[in-house]
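Chain residues, written in single-letter form:
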Amino acid sequence: NFRLYYLLLISVYIGQMLVGYGLGWTAPIIPKFDDPKTSPLPNELTETETSLIGSILYVGTILGPYLTGYLCNAIGRKPCFILAGLISLLSFLLLATANNLAMIYVGRVFCGLGTGIIFIVNLVYIGEIASTNIRGILLTSNAIFSTFGTLIVYAVGPYVSYAWVSYIAAAITAVYLLGVIFIPESPTYLILKDRKDDAGIVMEKLGRSKEYHVYREMKIIVEKQSVLEEWKQLVTVKSNRKALFITLTLGILQQGSGIIAVTFFATTIFQLAGSSIEPNIATIIIGVTQIFSSTLTPFFVERTGRRILLIYSTAVCTLSLATLGVYFYLDYINHPSVTKMQWLPLVTLIIFFLSYDFGFGIIPGTLIGEMFQSNVRSTGSTVSVTIAWLFGFGVATVFGYMISDLGSHVTFWIFSSMCALACLFGIFVVPETKGKTLIEIQEMLNK
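Analysis parameters
Residues numbered from 1 in each chain as written. Predicted model: local features only at pLDDT ≥ 70, side-chain atom pairs only at ≥ 80, totals over all residues. Heavy atoms only, no water. UniProt positions renumbered as here; feature names shortened; annotations may be inferred. Core = buried A, V, L, I, M, F, W, Y, C linked by side-chain atoms within 4.5 Å. Buried < 20%, exposed > 50% of the residue type's maximum accessible area, 1.4 Å probe, protein only. Helix = DSSP H or I, 4+ residues; strand = E, 2+ residues; numbered from the N terminus. Domains from an automatic or database assignment. Salt bridge = Lys/Arg side-chain N within 4 Å of Asp/Glu carboxyl O. Contact = heavy atoms within 4.5 Å. Patch = residues over 30% accessible without salt bridge, like charges linked within 9 Å, V, L, I, M, F, W, Y side chains within 5 Å. Areas by Shrake-Rupley, 256 points an atom, 1.4 Å probe, with all protein chains shown as cover. Disulfide = S-S within 2.5 Å. Buried area = accessible area lost by both parts, 1.4 Å probe. Polar contact = N/O pair within 3.5 Å; in protein donor to acceptor, adjacent residues only side chain to side chain. Expected span 1.5 Å × (residues − 1). 1 Å grid on protein atoms, 1.4 Å probe; cavity = no way out; pocket = protein on both sides within 12 Å on 5 of 7 lines; lining within 4 Å. Points joined across faces, edges and corners; volume = space filled by probe spheres on them. Nonpolar A, V, L, I, M, F, W, Y, C, P; charged D, E, K, R; others polar.

Within an unreviewed UniProt entry, the label attached to the protein chain reads Facilitated trehalose transporter Tret1, and the organism entered is Papilio machaon. Among the UniProt annotations of the protein chain, the heading Sequence similarities (unreviewed entry) holds the following wording: "Belongs to the major facilitator superfamily. Sugar transporter (TC 2.A.1.1) family. Trehalose transporter subfamily." Taken from UniProt, the Subcellular location (unreviewed entry) comment for the protein chain reads in full: "Cell membrane".

Spelled out as structure tokens, the structure:
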């Protein structure tokens, strides 16, 4: 059963790498557009066009999960993986061969669509195939591979041609498609479709046959229901309603931290700050930092708990972004000390990403995979993630205008305040799910 676990985990985690690669794609690409020798486009981009190349990804990511919410229960989790891989492959081939802005926009929308599907199905699938004692570890490990994908594009992107940045992603997608062909269908989906014998076989292969019988005795097996019924249960069942409130609020605050804007425009931020370290190198350092931090999290999530990690993470994020705002304020008023502190933007962003990927960037997704009832998990995940991403789309779109109209210092103080709100939300609202089965979590949320 360990072999099967390794196969399915490697396959779905490669998909998560594509999510990170798509998010980080703009960081090395935007500077290429500024140079006529490296740009595939005939004309120089305006600030609006540049921002839209980053943020239009969200058009796809917002549409993708709603499609997934229906298809997950209609055709299964595994076909959704394959569909997402094919869409992602098309998107990166479009981006690689683009010679006009329209092709880039369409490629980015398809990239968001494919990776949006992958993101949701990963949360649903891993939450369903994992045993209670390792579920948190496997869900938080999503972030390791997402940041690894971002690191690849940060590290390789500046040193290869515009087209090759996307061809590399297409090659990773092809490997992903080969992997997901061989993974088993989720036992939860098989149960929902009354294929109880097939579900039993899969759970036996996963070493969870005892849990399967317990599930049947506790009547976790639910009847077939329409899409309308799923949406109705999402808001009428107390546990689902509470899960939606918690995951949705955390998702919005997470996007409000400016994480996507910082990831999209990391290289540009270092140029803006006049960092003493070469911007491309600084961006790679940030990527390595994210990998290091997200790799640590799985070792703590089942020992320390989700809630504590979230609280400490958001507190440090608050302080680091506030400090970066102070640096930009001193630069804004031409304070002489700025010339001696050009190392500060990199240090504060390293601290921000260390703390963000240690909790704030991971725990909301983990809770999404744990909190909803099995029959509405895909729908609940979809609503939580897409509304949060819609908020993120807004943040990424107006980021350039915030910098020019409000100033860099005010922009990062706003991001800092959102992290502070998330810290307070973690202290007073978010429950602890560590060590609890999916059924016990439902019982806790129903109280």
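**Student:** Got a minute to help me understand the nonpolar core in this structure?
**Tutor:** Nonpolar side chains in soluble globular proteins tend to be buried together. Counting residues in hydrophobic clusters, the biggest one holds 121 residues, and the most contacted among them are Tyr21, Trp25, Phe33, Ile104 and Phe412. A per-element tally of this core places helix 6 (residues 101-129) first, with 15 residues. If you count residues domain by domain, this core takes at least three from each of domain 1 (1-183) and domain 2 (229-446).

**Student:** Even after reading the chapter, I still don't get the pattern of salt bridges, so can you show me in this structure?
**Tutor:** Between side chains of opposite charge, a pair can form when the charged atoms approach closely. What the rule picks out here adds up to 2 salt bridges. Here Arg195 makes a salt bridge to Asp198, at a shortest N to O gap of 3.1 Å. Under the relative-accessibility criterion, Arg195 is labelled partly exposed at 39%. By relative accessible area, Asp198 is classed as partly exposed at 32%.

**Student:** I tried to follow the environment of Gly64 on my own but got confused; where do I start?
**Tutor:** Of note, Gly64 is situated in helix 4 (residues 57-74). Along the chain, Gly64 and Ile120 lie 56 residues apart, while their C-alpha atoms are 8.7 Å from each other. Each residue touching Gly64, except ones within four places of it in the same chain, is listed here: Leu113 and Ile117.

**Student:** Is there a simple way to think about a nonpolar patch on the surface in this case?
**Tutor:** Nonpolar side chains collect at one region of the surface, where Phe245, Leu421, Leu424, Ile427, Phe428 and Val429 lie side by side and expose about 580 Å² of accessible area between them. Residue contributions to the nonpolar patch peak at 4 residues, all from helix 21 (residues 408-428). Locating Leu424 in the fold gives a position in helix 21.

**Student:** Before we go on, may I ask you to explain helix 19 (residues 363-371) in this structure?
**Tutor:** Residues three or four positions apart in an α-helix share a direction because the helix packs 3.6 residues into each turn. In terms of burial, helix 19 is a largely internal element, 9 of the 9 residues being buried. Along helix 19, the residues that are buried comprise Ile363, Pro364, Gly365, Thr366, Leu367, Ile368, Gly369, Glu370 and Met371.

**Student:** Can you help me understand the state of the cysteines in this one?
**Tutor:** By definition, a disulfide links the sulfur atoms of two cysteine residues through a covalent bond. Here the structure, examined in full by the defined rule, presents 0 disulfides. A disulfide-free cysteine, Cys317 has its sulfur positioned 4.8 Å from the sulfur of Cys419, the nearest such atom. The exposure class assigned to Cys317 is buried, which follows from its relative accessible area of 0%. Between Cys423, a cysteine without a disulfide, and Cys419, which holds the nearest cysteine sulfur, the sulfur-to-sulfur distance is 9.5 Å. Cys423 gets classed as buried once you look at its relative accessible area, which sits at 13%.

**Student:** I would appreciate a short explanation of the domain arrangement of the protein chain in the present structure.
**Tutor:** Interface size is commonly expressed as the accessible area that is lost once the parts come together. Along its sequence, the protein chain is carved into domain 1 (1-183) and domain 2 (229-446). Distance from the C-alpha centre of domain 1 to the C-alpha centre of domain 2: 19 Å. Facing the 50 residues of domain 1 at the interface are 58 residues of domain 2. Note on domain 1 versus domain 2: buried area summed over both sides is about 4,200 Å², and carbon and sulfur give 67% of it. Inspection of the domain 1/domain 2 interface yields 0 salt bridges. There are 2 residue pairs in polar contact (both at pLDDT 80 or more) connecting domain 1 and domain 2.

**Student:** Sorry, what's going on with helix 7 (residues 132-156) here?
**Tutor:** Taking 1.5 Å per residue, 25 residues should reach 36 Å; helix 7 reaches 38 Å between its end C-alpha atoms and fits that length. Counting buried residues in helix 7 gives 18 out of 25 residues, a clear majority hidden from the surface.

**Student:** Quick question: what am I supposed to make of empty space enclosed by the protein here?
**Tutor:** A water-sized probe, rolled over the atoms, reveals where empty space remains. Per the counting criterion, the structure on display carries 2 cavities of 30 Å³ or more. In this structure, the largest cavity spans a volume of roughly 610 Å³. For the largest cavity, the lining is made up of 37 residues, of which Leu23, Phe119, Ser146, Tyr356 and Gly361 are closest to its centre. Looking at which element gives the most residues to the lining of the largest cavity, the answer is helix 7, with 6 residues. Partitioned by chemical class, the residues of the lining of the largest cavity number 17 nonpolar, 19 polar and 1 charged. Domain assignment of the residues forming the lining of the largest cavity places at least three in each of domain 1 (1-183) and domain 2 (229-446).

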